[in-house]
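# Fold and geometry: a report
Residues per chain are reported as follows:
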Amino acid sequence: MNDQQEVTTRSATEPQAETGGPDAPQQPEWTLVPDVDIYEDAEGIVVQADMPGVSRERLDIQVNKDSLTIEGEARIDMPEGMEAVSADIRSTHYRRSFVLSAELDTDKIDAKLGDGVLTLRIPKRAEARPRKIEVSTG
């Protein structure tokens, strides 16, 4: 698995959901690369991505041939009738891409999101898993 993604800035001229329309002042939206931990065992790999503030509804996981892309948006919604006096974070966009090995079975990816951590379990194809050969006597 190879990491492909770098920190990028989207151009202020690109359409963005947070801009409020064409007449609203536009600022560049930063795309953050989430920190990940990757573990491998005989059955496959586990990818854990730190994505605090991202809800299941604002998470997008795509697999296209040998490419895995994780995108998410952390947005802090203000309660009705309240206005932020100061806010360090209003919206954060996460994106990270990986190239997957052909030995992985992308049709069987399992994804879980909890406590700001996305966990992907990507199993190896059956033919790529190690197997024990029994030896008979006589």
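Our structure is the block above this text.
Below is a short write-up of the structure. (Residues numbered from 1 in each chain as written. Predicted model: local features only at pLDDT ≥ 70, side-chain atom pairs only at ≥ 80, totals over all residues. Heavy atoms only, no water.)

## Observations concerning the overall build of the protein chain
Across its full length, the protein chain holds zero helices and ten strands. When its helices and strands are written in sequence order, the protein chain yields β-β-β-β-β-β-β-β-β-β. Put simply, the protein chain has 138 residues, and 26% of those count as buried. Across the protein chain, contacts joining residues at least 24 apart in sequence account for 53% of those joining residues at least 6 apart. (Helix = DSSP H or I, 4+ residues; strand = E, 2+ residues; numbered from the N terminus. Buried < 20%, exposed > 50% of the residue type's maximum accessible area, 1.4 Å probe, protein only. Contact = heavy atoms within 4.5 Å.)

## Regarding the nonpolar core
Ranked by size, the top nonpolar core spans 17 residues in total, and within it Met51, Ile70 and Leu118 carry the most contacts. Elements represented by at least two residues in this core include exactly strand 5 (44-50), strand 6 (54-64), strand 7 (67-75), strand 8 (91-99) and strand 10 (117-123). (Core = buried A, V, L, I, M, F, W, Y, C linked by side-chain atoms within 4.5 Å.)

## Notes on the side chain of Ser97
When you line up the elements, Ser97 lands in strand 8. The class for Ser97 is buried, based on a relative accessible area of 4%. In terms of polar contacts, Ser97 uses its side chain to reach the side chain of Thr69, at 3.3 Å. There is a polar contact of 3.4 Å between the side chain of Ser97 and the side chain of Arg95. (Polar contact = N/O pair within 3.5 Å; in protein donor to acceptor, adjacent residues only side chain to side chain.)

## A closer look at the side chain of Arg96
With respect to the element layout, Arg96 can be found in strand 8. For Arg96, a relative accessible area of 12% corresponds to the buried category. A polar contact of 2.6 Å, which involves the side chain of Arg96, links it to the backbone oxygen of Pro34.

## Observations regarding the pattern of salt bridges
Counting across every chain of the model gives eight salt bridges. Asp41 is the salt-bridge partner of Arg121, the closest N and O atoms lying 3.3 Å from each other. You can see Arg121 sitting in strand 10 and its partner Asp41 sitting in the loop between strand 4 (36-40) and strand 5, a full 80 residues away along the chain. We note a salt bridge from Arg75 to Glu73, for which the minimum N-O separation is 3.1 Å. (Salt bridge = Lys/Arg side-chain N within 4 Å of Asp/Glu carboxyl O.)

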